[in-house]
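# Geometric and topological summary
Here is how the chains run, residue by residue.
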Number of protein chains: 4
Amino acid sequence: MASGTAILLVSCPDQKGLVAKIANFIYANGGNILHADQHRDPEAGLFLSRIEWDLAGFNLPQEIIGPAFNAIAQPLGATWQLHFSNLVPRLSIWVSHQDHCLLDLLWRHQAGELAATIPLIVSNHPHLQGIAEQFGIAFHHIPITKVTKVAQEQHQLALLKEYEVDLVVLAKYMQVLSPNFLGEFNQVINIHHSFLPAFMGANPYQRAYQRGVKIIGATAHYVTSELDEGPIIEQDVVRISHRDDVKELIRKGKDVERMVLARAVRLHLQHRTLICGNRTVVFA
Amino acid sequence: MASGTAILLVSCPDQKGLVAKIANFIYANGGNILHADQHRDPEAGLFLSRIEWDLAGFNLPQEIIGPAFNAIAQPLGATWQLHFSNLVPRLSIWVSHQDHCLLDLLWRHQAGELAATIPLIVSNHPHLQGIAEQFGIAFHHIPITKVTKVAQEQHQLALLKEYEVDLVVLAKYMQVLSPNFLGEFNQVINIHHSFLPAFMGANPYQRAYQRGVKIIGATAHYVTSELDEGPIIEQDVVRISHRDDVKELIRKGKDVERMVLARAVRLHLQHRTLICGNRTVVFA
Amino acid sequence: MASGTAILLVSCPDQKGLVAKIANFIYANGGNILHADQHRDPEAGLFLSRIEWDLAGFNLPQEIIGPAFNAIAQPLGATWQLHFSNLVPRLSIWVSHQDHCLLDLLWRHQAGELAATIPLIVSNHPHLQGIAEQFGIAFHHIPITKVTKVAQEQHQLALLKEYEVDLVVLAKYMQVLSPNFLGEFNQVINIHHSFLPAFMGANPYQRAYQRGVKIIGATAHYVTSELDEGPIIEQDVVRISHRDDVKELIRKGKDVERMVLARAVRLHLQHRTLICGNRTVVFA
Amino acid sequence: MASGTAILLVSCPDQKGLVAKIANFIYANGGNILHADQHRDPEAGLFLSRIEWDLAGFNLPQEIIGPAFNAIAQPLGATWQLHFSNLVPRLSIWVSHQDHCLLDLLWRHQAGELAATIPLIVSNHPHLQGIAEQFGIAFHHIPITKVTKVAQEQHQLALLKEYEVDLVVLAKYMQVLSPNFLGEFNQVINIHHSFLPAFMGANPYQRAYQRGVKIIGATAHYVTSELDEGPIIEQDVVRISHRDDVKELIRKGKDVERMVLARAVRLHLQHRTLICGNRTVVFA
């Protein structure tokens with residue numbers, strides 16, 4: 001892991017020679033490929049690829065790799081992202097009342113599971129400030145009402161700029177982000193406490209109980225302007241029975257929520273996710 | 001298993017002394033309880049119970065047990081069912097094009113997993129007649145169109161009477177049963193090829209693919225007049241990835257469908273299910 | 001939950017009238033049964049039961065219930081335990097280097113998932129003292145060497161007495177308890193980082209990697225004097241692939257370990273476990 | 001799927017330029033890569049790769065591809081296999097008493113899930129001959145005793161030659177193949193009815209019951225001369241409880257066995273498995 005790999009995520013109209021051209025670019029400059037994964041989406045007519053190589057002994061300086069690869073990507077009609085493992089993403093966690101996803105992410109961060117810096121916690125409630133302090137992270141309490149929402153989102157956007165945030169993780173943040181906000185900042189992962197598309201919107205556990213399902217779940221997805229409709233990164237489920245009331249569903253669900261969210265955030269931070277239409281390709 | 005147990009399913013307004021009264025009835029008549037399971041539904045204010053006891057050495061003749069228990073049940077305001085393991089239920093399997101659920105149920109029946117007699121297979125298509133013949137089961141091809149549906153359902157109901165069917169299993173039978181049919185015969189289990197309530201109705205795999213879910217599932221439920229809304233007996237899921245196209249979803253889904261349906265049918269045949277509102281209590 | 005239920009765990013040679021006699025005892029004294037679950041173990045010839053009833057309106061004072069029930073239990077040859085939800089068990093968590101199980105249990109305790117008091121953390125290493133302080137729990141560092149083990153176990157036993165501990169949870173405590181210790185105190189739950197009986201003993205993840213398994217797991221069990229051989233309470237697994245090296249196995253395993261241990265501890269604290277030979281009956 | 005792809009499985013000492021050289025070979029000859037997956041095993045120092053490309057428009061005739069690729073592979077020190085989707089492997093299923101894995105494989109074959117021809121069923125018992133006849137497959141009853149084993153294995157090997165078998169699937173074949181047999185024919189997949197390495201050898205369900213595990217499993221692996229020690233292709237598990245006796249474990253286990261075996265056979269037939277030491281790389 002460490003410092004010292006480059007990761008290229010490429011999405012490109014399918015055609016002959018793609019793997020060869022990308023691999024040649026890396027080989028010609030002295031790179032050793034550590035991981036390579038490809039996917040062909042016949043419906044979209046796209047070839048998607050994730051390639052990670054060792055920067056040790058690579059001939060191109062880091063800032064030249066992008067421009068140099070672009071010369072190859074342009075004629076292929078490819079869109080691409082280039083990431084470096086030594087540039088650690090900056091992550092902001094947003095919460096409301098519940099602390100389980102927040103604590104889980106912070107514990108994993110401490111344990112070295114998440115290659116990120118976490119400079120900022122935002123909440124529309126003041127309750128979790130103590131946790132932020134305990135972990136030495138700035139905490140901003142930004143209450144939201146219908147009236148204040150527009151202004152407060154501007155405040156939030158300003159904070160993201162100030163703290164140079166790359167990714168916002170909605171860790172049970174119970175406010176909907178406006179299309180306007182998402183137009184300004186769209187690197188946002190949310191955890192929804194149901195197995196989407198079942199029980200979109202409010203009170204999924206209550207509704208799961210009423211419906212009498214035998215399994216509940218959680219879904220981590222990229223946030224788009226349509227509520228609970230963004231590209232799904234990860235889902236998981238847990239079995240329940242008639243003995244479980246809504247309170248038990250919430251309790252069991254919390255374990256699934258924090259697992260699913262943590263896996264999704266980790267996949268994103270490792271640059272293993274590519275959005276293709278409203279679906280994700282996960283190079284796991 | 002064998003022949004020789006009685007199973008009592010009781011649903012009753014919650015009150016003191018219920019377990020004692022039921023257990024005393026069995027003990028007083030010389031019965032040895034083999035399994036007993038209870039559930040209290042605080043929302044419905046109901047106490048639900050399944051008790052199975054050995055008929056060997058039981059003092060009451062089989063035909064007297066019901067009336068005798070009724071004398072206890074009446075003052076409690078209980079509704080109850082009494083089943084005997086030596087009265088084997090008669091099951092009819094209904095299919096359309098796909099054979100996987102049918103074959104799985106027939107194989108399990110042969111393997112002794114399903115305590116039932118299977119005298120009748122019904123299909124709106126002729127294709128699976130060969131399987132029925134191979135297993136020595138009567139096959140009735142009853143095509144359904146909008147025009148013929150009312151008459152054909154009468155035909156179906158007549159067959160259920162003729163073959164003395166206790167339970168109909170819709171093993172990928174792709175026709176909706178009318179409220180009228182269900183008014184005449186309502187012991188029907190269906191397998192729906194999605195994780196309900198996600199993807200109710202038609203083409204769930206196509207829609208799951210479009211939505212980009214990471215897990216698909218199947219749901220076995222009792223059929224009611226509202227499509228895919230009946231009480232759920234059993235569900236299960238299987239993980240998929242971006243590599244799986246709709247064809248793969250269908251293939252993976254078939255395994256979940258047949259497992260889930262078989263488990264639900266077995267639970268029903270063992271009299272382990274009780275409907276409580278639109279939910280099931282499963283005494284597993 | 002709250003305060004105010006009695007829980008009876010009964011293990012008894014199978015015979016007619018057991019449910020009736022127990023239920024009558026509760027009914028005769030004005031108790032309302034909230035949950036009742038039974039199991040018959042044909043091999044051991046035992047009938048095992050867990051019954052929980054509301055103490056509100058129960059005629060017997062709490063201290064009389066045991067003696068009164070004993071009069072019924074004696075002639076049946078039953079062994080039994082009586083627990084009260086208002087007597088909160090006292091739990092001690094023992095750790096070595098790793099913090100994930102400890103933190104998870106402490107977080108769940110704070111979240112109200114574990115009906116226990118946690119007065120004492122013991123470790124053979126000093127590293128996790130800070131966590132204990134943060135949660136306001138006494139921390140005792142008791143290093144163990146081959147030479148000091150006998151004396152240190154006496155020290156540990158004295159602490160258990162001093163803190164009136166009912167249950168010890170080995171949350172990745174990497175020392176074996178001696179038969180002598182267990183002779184003095186045997187209410188101990190351990191988490192083993194493999195799917196027992198696979199990979200008993202040391203370095204299970206390393207060995208799982210070498211064997212090339214496709215699934216790893218964790219096992220929570222009661223501790224007996226035979227290493228990793230005690231009655232299993234709970235197990236779970238997680239899928240791995242050839243991409244996962246030992247470090248990844250350890251990372252993925254940690255999530256399974258803390259889930260499995262937490263579930264086992266919760267089941268024990270709710271008095272849902274009964275040991276039957278070297279197996280557990282879990283009235284879940 | 002169809003007819004018309006080439007699949008290259010390559011295992012090679014890790015070095016720069018591997019992906020480029022393989023991809024260039026395909027591109028230079030006009031091939032379009034459909035799937036490509038790589039894995040680097042740092043411990044073994046190996047780079048492993050599976051590449052599948054469309055033969056439509058590929059410049060090299062099928063019989064030349066191997067020799068041509070060899071010229072590239074040799075200097076890299078690579079070992080490789082080349083497969084063609086239009087050369088359908090020939091599979092022999094071996095059974096003893098139980099029919100569930102056999103029937104499941106045959107049903108999947110009929111449903112188009114297994115790209116293979118199945119010309120031969122071998123059994124050391126006569127019971128399942130009827131199934132072979134029903135599916136129009138040659139059935140050879142070859143009973144084995146300690147005395148006859150050497151001779152009968154020669155008989156079996158002769159049959160494999162006669163029927164030009166590429167893969168033997170031990171679908172609950174309860175005889176151990178001798179090292180001598182495996183020296184002659186080693187493309188053999190076995191299903192073991194436990195979660196290996198737990199419960200190697202005989203009577204795994206009986207022993208799982210005795211141990212009181214809460215989860216049972218099944219393992220599909222390549223057969224080597226050390227019993228139940230070969231490279232694992234696939235495993236899966238199912239949850240059990242104290243209510244499940246050995247008979248129930250067997251029943252639940254059968255579903256896991258047939259799923260796991262079918263998945264392993266399918267992976268092998270799609271040339272998605274590579275053996276690396278005693279582990280498998282599964283390009284799924």
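Residues numbered from 1 in each chain as written. Chains lettered and ligands numbered in written order. Predicted model: local features only at pLDDT ≥ 70, side-chain atom pairs only at ≥ 80, totals over all residues.

### Examining the overall build of chain A
When you go through chain A residue by residue, the secondary structure sums to 8 helices and 13 strands. Counting only C-alpha atoms and orienting by the principal axes, one finds that chain A spans roughly 60 × 40 × 35 Å. Within chain A, buried positions represent 45% of all 284 residues. For chain A, long-range pairs separated by at least 24 residues make up 67% of all intrachain contacts whose partners lie at least 6 apart in sequence. (Helix = DSSP H or I, 4+ residues; strand = E, 2+ residues; numbered from the N terminus. Buried ≥ 20, exposed ≤ 12 C-beta atoms within 10 Å, placed from the backbone. Contact = placed C-beta atoms within 7 Å.)

### A closer look at the interface of chain D and chain A
In this assembly, 16 residues from chain D lie in contact with 16 residues from chain A. Mapped onto the side of chain D that touches chain A, the elements with two or more residues apiece are α1 (18-28) and β2 (32-41) of chain D. Looking at the side of chain D that touches chain A element by element, the count peaks at 8 residues for β2(D). For the side of chain D that touches chain A, a count of residues per class yields 7 nonpolar, 6 polar and 3 charged. (Nonpolar A, V, L, I, M, F, W, Y, C, P; charged D, E, K, R; others polar.)

### Describing the relation of the copies chain D and chain A
Once chain D is rotated about the relating axis by 180° and shifted along it by 0.0 Å, it coincides with chain A to within an RMSD of 0.0 Å. Both copies of the chain, as the preceding transformation shows, are related through a two-fold rotation axis. (Least-squares fit on C-alpha atoms with pLDDT ≥ 70 in both.)

### Points about the packing of helix α1 (residues 18-28) of chain B against helix α1 (residues 18-28) of chain C
Taken N-terminus to C-terminus, the directions of α1(B) and α1(C) make an angle of 145°; their axes are 8 Å apart at the nearest point. In this structure, α1(B) meets α1(C) at a crossing whose hand is left-handed. Here Val19(B), Ala20(B), Ala23(B), Asn24(B) and Tyr27(B) of α1(B) come into contact with α1(C), specifically with Val19(C), Ala20(C), Ala23(C), Asn24(C) and Tyr27(C). Of the residues belonging to the contact of α1(B) with α1(C), the class tally is 8 nonpolar, 2 polar and no charged. (Axes fitted to C-alpha atoms, helices over the stretch in contact; angles between N-to-C directions. Left-handed = near helix turned anticlockwise from the far one by under 90°.)

### Looking at the relation of the copies chain A and chain B
Between the two copies, chain A and chain B, the superposition gives an RMSD of 0.0 Å; the rotation angle is 180° and the shift along the axis is 0.0 Å. Of the residues that chain A buries at the interface, 100% are likewise interface residues in chain B, meaning the two copies contact each other through the same surface.

### Describing the interface of chain A and chain B
Taken together, the contacts link 22 residues of chain A with 22 residues of chain B. Secondary-structure elements contributing two or more residues to the side of chain A that touches chain B are β11 (232-239) and β13 (279-282) of chain A. Among the residues forming the side of chain A that touches chain B, the class breakdown is 10 nonpolar, 7 polar and 5 charged.

### Comments concerning the domain arrangement of chain A
Residue and element names in this part refer to chain A. Taken as a whole, chain A is organised into domain 1 (5-84) and domain 2 (90-282). Using only C-alpha atoms to locate each centre, domain 1 and domain 2 end up separated by 31 Å. Contacts between domain 1 and domain 2 engage 10 residues on the former and 6 residues on the latter. Of all elements in the fold, only β1 (5-13), β2 (32-41) and β3 (46-54) reach the threshold of two or more residues within the side of domain 1 that touches domain 2. (Domains from an automatic or database assignment.)

### Comments concerning the packing of helix α3 (residues 100-110) of chain B against helix α8 (residues 246-269) of chain B
For any two helices packed against each other, one specifies the crossing angle of their axes together with the interaxial distance. All names here are of chain B. Packing of α3 against α8 leaves a shortest axis separation of 9 Å and a crossing angle of 45°. By the criterion of interaxial angle, the relationship of α3 to α8 is oblique. Note that α3 runs across α8; the crossing there is right-handed. For the pair α3 and α8, the contacting residues are His100, Cys101, Asp104, Leu105 and Arg108 in the first and Lys254, Glu257, Arg258, Leu261, Ala262 and Val265 in the second. Class assignment of the residues belonging to the contact of α3 with α8 gives a composition of 5 nonpolar, 1 polar and 5 charged. (Parallel < 35°, antiparallel > 145°, perpendicular 65-115°, else oblique.)

### Some thoughts on unusual backbone geometry
Each neighbour pair has its own omega, and for Leu196(A) with Pro197(A) the value is 5°, a cis peptide bond. Looking at the element boundaries, Pro197(A) is found in the loop between β9 (188-192) and α7 (204-211). A positive phi angle, near 70°, is found at Lys172(D), a position not held by glycine. Mapped onto the elements of the fold, Lys172(D) is located in the loop between β8 (167-170) and α6 (179-184).

### Things to note about the sheet that holds strand β5 (residues 90-95) of chain A
All names here are of chain A. Strand order in this open sheet of 7 strands is β7-β6-β5-β8-β9-β10-β11, and the pairing throughout is mixed. Of all strands in the sheet, those with a lone pairing partner are β7 (138-141) and β11, marking the two edges. Between one strand axis and the next, the sheet turns through 15° on average, direction left out of account. Strand contacts of helix α3 (residues 100-110): β5, β6 (117-123), β8 (167-170) and β9, with the helix running at about 155° to β5, the strand carrying the most contacts. Packed on one face of the sheet, helix α5 (residues 149-162) meets β5, β6, β7 and β8 and runs near 170° to β6. (Pairing = 2+ DSSP bridges.)

### Overview of the pairing of β2(D)
Residues and elements named next belong to chain D. Here β2 runs beside strand β3 (residues 46-54); their pairing, made up of 9 bridges, is antiparallel. In the sheet register, histidine 39 faces β3, and the bridge partner there is leucine 48. Between β2 and β3, which follow one another and run antiparallel, lie 4 residues, and glycine 45 among them has a positive phi close to 65°.

### Structural notes on the sheet that holds strand β6 (residues 117-123) of chain D
All names here are of chain D. One open sheet holds the 7 strands; their spatial order is β7-β6-β5-β8-β9-β10-β11, and the pairing between them is mixed. Pairing within the sheet leaves two strands with one partner each, and these edge strands are β7 (138-141) and β11 (232-239). The mean inter-strand angle of the sheet, taken between neighbouring strand axes irrespective of direction, is 15°. On top of the sheet, helix α3 (residues 100-110) reaches β5 (90-95), β6, β8 and β9 (188-192); it is set at about 155° to β5, its chief contact. Across the face of the sheet, helix α5 (residues 149-162) comes into contact with β5, β6, β7 and β8 while running at roughly 170° to β6.

### Quick look at the confidence of the model for chain A
Summing up the model confidence of chain A, the mean pLDDT is 96 and the portion of residues at 70 or higher is 99%. As scored by the predictor, the complex reaches a pTM of 0.96 and an ipTM of 0.95. (pLDDT = per-residue confidence, 0-100.)

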